[in-house]
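# Structural features, examined
The chain contents come next:
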Amino acid sequence: MYLYRKKGLLWLCILLVQALGFSQDQQNDSRQAYKKRVLETTEIDFLSSYYAQDGDNAAVTGGLGTEDLTDATGTFIISVPLNDDDVLTIDAGVSAYTSASSSNVNPFDGNNRADPFVASSGASSADTWVNLTGSYSHSSDNRNAIWSGQLSVSSEYDYFSIGFGGSYTKLFNQKNTELSVSVNVFLDQWNAIYPSELRPFGTNGIGSFRQSEIVGNTDYNPNFSEFDSEGRNSYSLGIGFSQILHKNVQGLLSLDVVRQEGLLSTPFQRVYFADIEDAFIEGFHLADDIERLPDNRLKVALGGRLNWFVNETISLRTYYRYYFDDWGISSHTASLEIPIKLTDAFTLYPSYRFYNQTAADYFAPYETHLSTHSFYTSDFDLSKYIANQFGFGISYTDIFTKLHFWNIGFKSADFKFYRYDRDTAFGSNIATVGLKFVMD
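Residues numbered from 1 in each chain as written. Predicted model: local features only at pLDDT ≥ 70, side-chain atom pairs only at ≥ 80, totals over all residues. Heavy atoms only, no water.

### What to know about the overall build of the protein chain
Stated formally: In this description a helix means any DSSP run of H or I spanning at least four residues, a strand means any run of E spanning at least two, and both kinds are numbered starting from the N terminus. Burial status follows relative accessibility: with a 1.4 Å probe on protein chains alone, a residue under 20% of its type maximum counts as buried, one over 50% as exposed, and anything between as partly exposed. Note on definitions: a residue-residue contact is assigned when non-hydrogen atoms from the two residues lie within 4.5 Å.
A tally of regular secondary structure across the protein chain gives two helices and 24 strands. C-alpha atoms of the protein chain, sized along the principal axes, occupy 95 × 40 × 40 Å. Every one of the 440 residues in the protein chain was classed for burial, and the buried ones make up 43%. When contacts within the protein chain are restricted to residue pairs at least 6 apart in sequence, long-range pairs at least 24 apart make up 62% of them.

### A closer look at the confidence of the model for the protein chain
Using the following cut-off: pLDDT measures how confident the predictor is about each residue, on a scale from 0 to 100.
Chain-level statistics for the protein chain give a pLDDT mean of 90 and a share of 91% at 70 or above. Low confidence marks residues 1-32, where pLDDT is under 50. Its contacts with residues over four positions away, or in another chain, come to 28 contacts.

### A closer look at the sheet that holds strand β13 (residues 284-285)
Worth spelling out the cut-off: Pairs of strands are assigned from DSSP output, requiring at least two bridges between the strands.
Ordered by their spatial adjacency, three strands build an open sheet running β8-β12-β13, and the pairing between neighbours is antiparallel. The open sheet has two edge strands with one neighbour each: β8 (215-216) and β13. In terms of strand pairing, strand β12 (residues 279-281) meets β13 through two bridges, oriented antiparallel. Bridged to Phe280 within β13 is His285.

### Overview of the pairing of strand β16 (residues 315-325)
Here eleven bridges tie strand β15 (residues 296-309) to β16, and the two strands are oriented antiparallel to one another. Along β16, the bridge assignment pairs Leu306 with Thr318. Here eight bridges tie β16 to strand β17 (residues 330-337), and the two strands are oriented antiparallel to one another. The residue of β17 that forms the bridge with Tyr322 is His332. Here β16 folds back onto β17 in antiparallel fashion, the turn holding four residues, of which Gly328 has a positive phi close to 100 degrees.

### What to know about the environment of Asn407
Looking at the element boundaries, Asn407 is found in the loop between β22 (404-405) and β23 (408-422). Separated by 66 residues in the primary sequence, Asn407 and Lys341 place their C-alpha atoms 29 Å from one another. Look past the residues within four positions of Asn407 in its chain and what remains in contact with it is Val438, Met439 and Asp440.

### A short note on the side chain of Ser395
Structurally, Ser395 can be placed in strand β21 (residues 385-397). Discounting residues that sit within four places of it in the chain, Ser395 has contacts with Ala345, Phe346, Thr347, Tyr349, Ala413 and Asp414.

### A short note on the environment of Ile90
Structurally, the position occupied by Ile90 is in strand β3 (residues 86-99). Separated by 286 residues in the primary sequence, Ile90 and Tyr376 place their C-alpha atoms 40 Å from one another. In contact with Ile90, not counting residues within four places along its chain, are Phe76, Ile77, Ile78, Leu132, Thr133 and Gly134.

### A short note on the side chain of Thr169
By the element assignment, Thr169 lies in strand β6 (residues 159-172). Judged by its relative accessible area of 11%, Thr169 falls in the buried class. Contact partners of Thr169, with chain neighbours within four places excluded, come to Asn144, Ala145, Ile146, Glu178, Leu179 and Ser180.

### A closer look at a nonpolar patch on the surface
What counts, and what does not: Patches here are clusters of residues that have more than 30% relative accessible area and form no salt bridge, with a 9 Å joining cutoff for like charges and a 5 Å cutoff for nonpolar side chains (Val, Leu, Ile, Met, Phe, Trp, Tyr). For the accessible areas, the method is Shrake-Rupley and the probe is 1.4 Å, while residue cover comes only from the protein chains on display. Salt bridge, as used here: a side-chain nitrogen of Lys or Arg that lies within 4 Å of a carboxyl oxygen of Asp or Glu.
A contiguous nonpolar patch, built from Phe172, Leu179, Val181, Val183, Leu237, Ile239, Phe241, Leu253, Leu255 and Leu302 and spanning about 780 Å² of accessible area, is present on the exposed surface. When contributions to the nonpolar patch are tallied by element, the ones reaching two or more residues are β7 (177-190), β9 (231-246) and β10 (249-262). Of note, Leu179 is situated in strand β7.

### Regarding the pattern of salt bridges
Summed over all chains, the structure comprises 16 salt bridges. The salt bridge involving Arg210 is made with Glu213; its shortest N-O contact spans 2.9 Å. Note on Glu213: relative accessible area 35%, which makes it partly exposed. Through salt bridges that share partners, Glu43, Asp45, Lys411 and Lys436 make up one connected network.

Here it is in structure tokens:
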């Protein structure tokens, strides 16, 4: 929660109203003190985004291959005030993507010659993800305490997930200090899908894989086995502490800890060994094995924000985070956003984000791992890299909701665009649009 930008004045007005109400109570016992509703009326948000990426290090093809992917997402969020203190929020989202990378889970089911840099046109080239989240929050009469709980369900072609959690927020010091704690649990179940050429060599596999078409190692016989368990559980704890340091400055410190257990490898991501002879069909290198990673992981992130309301026109929003885990990755994130208020209705949002990380202990590029290793991955998301992201946004707000559709008033619109590049031949663009409506 950002408590700067005249927050003190807002709360002062509320306190004055409450004080007046208390004075009236003393004079007339039949009149109750005023209590502002947490949410005045039902709000409806529509969020949409379009994402496109490109790169040359696809994990599906062992760290060498096209990473082309496009994704379109639509989300509806409806927040309903149940009474003065309670709010129910429903969040429903659908995401549809096409992926040249995942299409090569089976590179031989399309019409083109199999090649890691050419997308297959088979069934794995596209999919849809759906999510439904419900949350409930309750605020105390004095608005100094907020409890919330949530339940979520999401599904895709190769996994299903249920999540639940809750949070507690306490405000002190005339609402200048805020402490929050959140806990979440996600229970995921994979439907493991393996690279097509490895399937005949698994526990229940029958026969060989197109042996007469193999070039190179014609004795291709990978030592492959399926995962024993396909479940994954994630547990997270978040702690936040924010403080208004000055009438124009607000700071926040945060700690996030995540513990994951179960299947943390992606079943369809290939690995190639340097000490095993290569085998090809057409232009495609047949996998030696799949990604194999430990079945537990501990992640820790320490963050800090400092927001400065410079004047009526310009604000500065800064952020820094340090992250580390027990897989050997550590990273630094730093970002700056500068909201520029052009008029009462229009605000610009230029931004910049810097990120760098070390490589996981189990990462190595294409055809570098040895078959004697216990764990291995060629997913460049776990590699060492530096990334830069530039963004620009514009928002429009109509505080009087003059534009109406029946009994629905238009409140605000936001558009943002981000360009992301990292030094591993990977880049992406994302454009987002958000519309907010309120019920009369």
